[in-house]
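Overview (structure and organization)
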Amino acid sequence: MSESADLLALELPWRLALEEGWAAFCAGNPPVGAAITDSDGVVVALGRSRFHDHSGPVGQLAGTALAHAEVNALAQIAPGDHRGWTLWSSLQPCPLCAAAAMTAQCGEVRFLAADPMWAGAERLPELNAAVSLRWPHFDGPQPGWPACWQTALSVAYQTARGRGDSDAVTAREQMAPGAARLGRALGGDADRLTNLVKLTLSAAIGELLG
Ligand SMILES: [Zn+2]
């Protein structure tokens, strides 16, 4: 996997979303990051999960289970018609974040790794015609190493907290056994984890996937 794990080969919003997710993980949060681009493709907002942070930037959630990466990115854009805008997330948005993207009138949502805990969430726009009309277009999961990295980090996060037998891990092992194995090994090795979070994203990717 190492020869293909080239961070610089990714589109900028993906790189930034992964950087945000890595920063979240290194700070003890679920490893999820997000970016928003406007209709010109310019990055206008970044966000990361802040479940366990004591504080965050003004206008963003921290220290609550609602402090999701996508919500924190979307909270930075002014109300308006953003149908030409794109929310980029390292992980498939949960229903909270998917609904937030709809409410913010963001037209497109792209994500790297599937989140099997939310399998079936693609049926949410079937609720009614109004929701269907406003629901963003979803694009994901993406192939390749970034999704593997994301899944491994998600499993490492759970495993390191003693939740290696949780539904979230089991579902990922069924979805992507190789990535889950990397994540379980990392999450079960406290010394390795301590050293890994000292690295830059690029170096950490090389260490985990190399
Ligand atoms: Zn979410």
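Cut-off values and rules
Residues numbered from 1 in each chain as written. Predicted model: local features only at pLDDT ≥ 70, side-chain atom pairs only at ≥ 80, totals over all residues. Heavy atoms only, no water. Helix = DSSP H or I, 4+ residues; strand = E, 2+ residues; numbered from the N terminus. Rg over C-alpha atoms; globule rule 2.2 N^0.38 Å. Buried < 20%, exposed > 50% of the residue type's maximum accessible area, 1.4 Å probe, protein only. Contact = heavy atoms within 4.5 Å. Areas by Shrake-Rupley, 256 points an atom, 1.4 Å probe, with all protein chains shown as cover. Lys, Arg positive; Asp, Glu negative; His and termini not counted. Charge placed at Lys NZ, Arg CZ, Asp CG, Glu CD. Pairing = 2+ DSSP bridges. Donors = N, O, S within 2.8 Å, 3.2 Å for Na, K, Ca; no water.

**Regarding the overall build of the protein**
Across its full length, the protein holds nine helices and five strands. When its helices and strands are written in sequence order, the protein yields α-β-β-α-β-α-β-α-β-α-α-α-α-α. Whereas a compact globule of 210 residues would reach a radius of gyration of roughly 17 Å, the protein reaches 16 Å, a difference of no more than 12%. Taken along the three principal axes of its C-alpha coordinates, the protein extends 50 × 35 × 30 Å. Counting across all 210 residues of the protein, residues that qualify as buried make up 49%. Taking the contacts inside the protein whose residues are at least 6 apart along the sequence as the reference set, 60% of them involve residues at least 24 apart. As displayed, the protein offers around 9800 Å² of accessible surface, 55% of which is attributable to carbon and sulfur atoms. Positive and negative side-chain charges in the protein, numbering 14 and 21 respectively, have mean positions lying 4 Å apart.

**What about the pairing of strand E2 (residues 43–48)?**
As defined by bridge partners, strand E1 (residues 33–37) adjoins E2 across five bridges and the pair is classed as antiparallel. Across the sheet, residue Thr 37 finds its bridge partner in E2, namely Val 43. Connecting E1 to the antiparallel partner E2 that follows it, the hairpin turn spans five residues, and Gly 41 within it adopts a positive phi of roughly 85°.

**Digging into the coordination of the zinc ion**
Every protein donor of the zinc ion is accounted for by His 68 (ND1), Cys 94 (SG) and Cys 97 (SG), and the metal-donor separations fall at 2.0 to 2.3 Å. One chain supplies every donor to the zinc ion, and in sequence these donors are spaced H-x25-C-x2-C. Of this pair, His 68 sits in the loop between E2 and helix H2 (69–74) while Cys 94 sits in the loop between strand E3 (82–91) and helix H3 (95–103), and the two are 26 residues apart along the sequence. Since its relative accessible area comes to 7%, Cys 94 is described here as buried.

**Brief notes about the environment of Ser 202**
Here Ser 202 lies in helix H9 (residues 201–209). In this structure, the C-alpha to C-alpha distance between Ser 202 and Glu 126, residues 76 residues apart in sequence, is 40 Å.

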